[in-house]
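Below are the chains, spelled out letter by letter.
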Amino acid sequence: QVQLVESGGGLVQAGGSLRLSCAASGSILSINAVGWYRQAPGKQRELVAHITSDGSPNYADSVMGRFTISRDNAKNTVYLQMNSLKPEDTGVYFCNAHITVWSKTSNNYWGQGTQVTVSS
């Protein structure tokens, strides 16, 4: 069994910052690529940041220069530092991780999401 738990969301004023965490637990052999997604009300879920197993990041154009994704492999945790937040960053943020478990099988796992609300 693998669990992903996001935390760090909340209410912040425009221009503020939040740091989200995605912590994985269970019978984990390795955490491969991890993505942070967000879903605004009435909109489709979109990828905002992605990090490979070797730590290479990629970002959506809308968050480039404001968000930073990083990982701490020793803690099985991926972070999303969000600076200069805008009202359009509001949504539920989910992490998705491609994880290999001790049985050597691999799957994609989703967390339950954490709400980010940016007020103008």
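Residues numbered from 1 in each chain as written. Predicted model: local features only at pLDDT ≥ 70, side-chain atom pairs only at ≥ 80, totals over all residues. Heavy atoms only, no water.

1. Focus on the side chain of Arg71
Move 1: If you trace the backbone, Arg71 turns up in strand 7 (residues 67-72).
Move 2: Nearest to the buried, unbridged Arg71 among oppositely charged side chains is Asp54, at 7.1 Å.
Move 3: Here the side chain of Arg71 touches Asn32 through a polar contact of 2.8 Å, landing on its backbone oxygen.
Move 4: A polar side-chain atom of Arg71 sits 2.8 Å from the main-chain carbonyl oxygen of Thr52.
Move 5: Filtering out sequence-adjacent residues up to four positions away, Arg71 remains in contact with Ile31, Asn32, Val34, Ile51, Thr52, Ser53, Gly55, Thr77 and Val78. (Helix = DSSP H or I, 4+ residues; strand = E, 2+ residues; numbered from the N terminus. Buried < 20%, exposed > 50% of the residue type's maximum accessible area, 1.4 Å probe, protein only. Lys, Arg positive; Asp, Glu negative; His and termini not counted. Salt bridge = Lys/Arg side-chain N within 4 Å of Asp/Glu carboxyl O. Polar contact = N/O pair within 3.5 Å; in protein donor to acceptor, adjacent residues only side chain to side chain. Contact = heavy atoms within 4.5 Å.)

2. Some details on the pattern of salt bridges
Move 1: A full pass over the atoms with the stated rule returns three salt bridges.
Move 2: Taking the shortest distance from any N to any O, the salt bridge between Arg38 and Glu46 comes out at 2.8 Å.
Move 3: Across the pair Arg66 and Asp89 runs a salt bridge, and its minimum N-O distance is 2.8 Å. Here Arg66 is found in the loop between strand 6 (57-59) and strand 7, whereas its partner Asp89 is found in the loop between strand 8 (77-82) and strand 9 (91-101), with 23 residues between them in sequence.
Move 4: Of the residues examined, Arg66 reaches a relative accessible area of 10% and is grouped as buried.
Move 5: Since its relative accessible area comes to 0%, Asp89 is described here as buried.

Treat this as a map of the structure, not an account of what it does.
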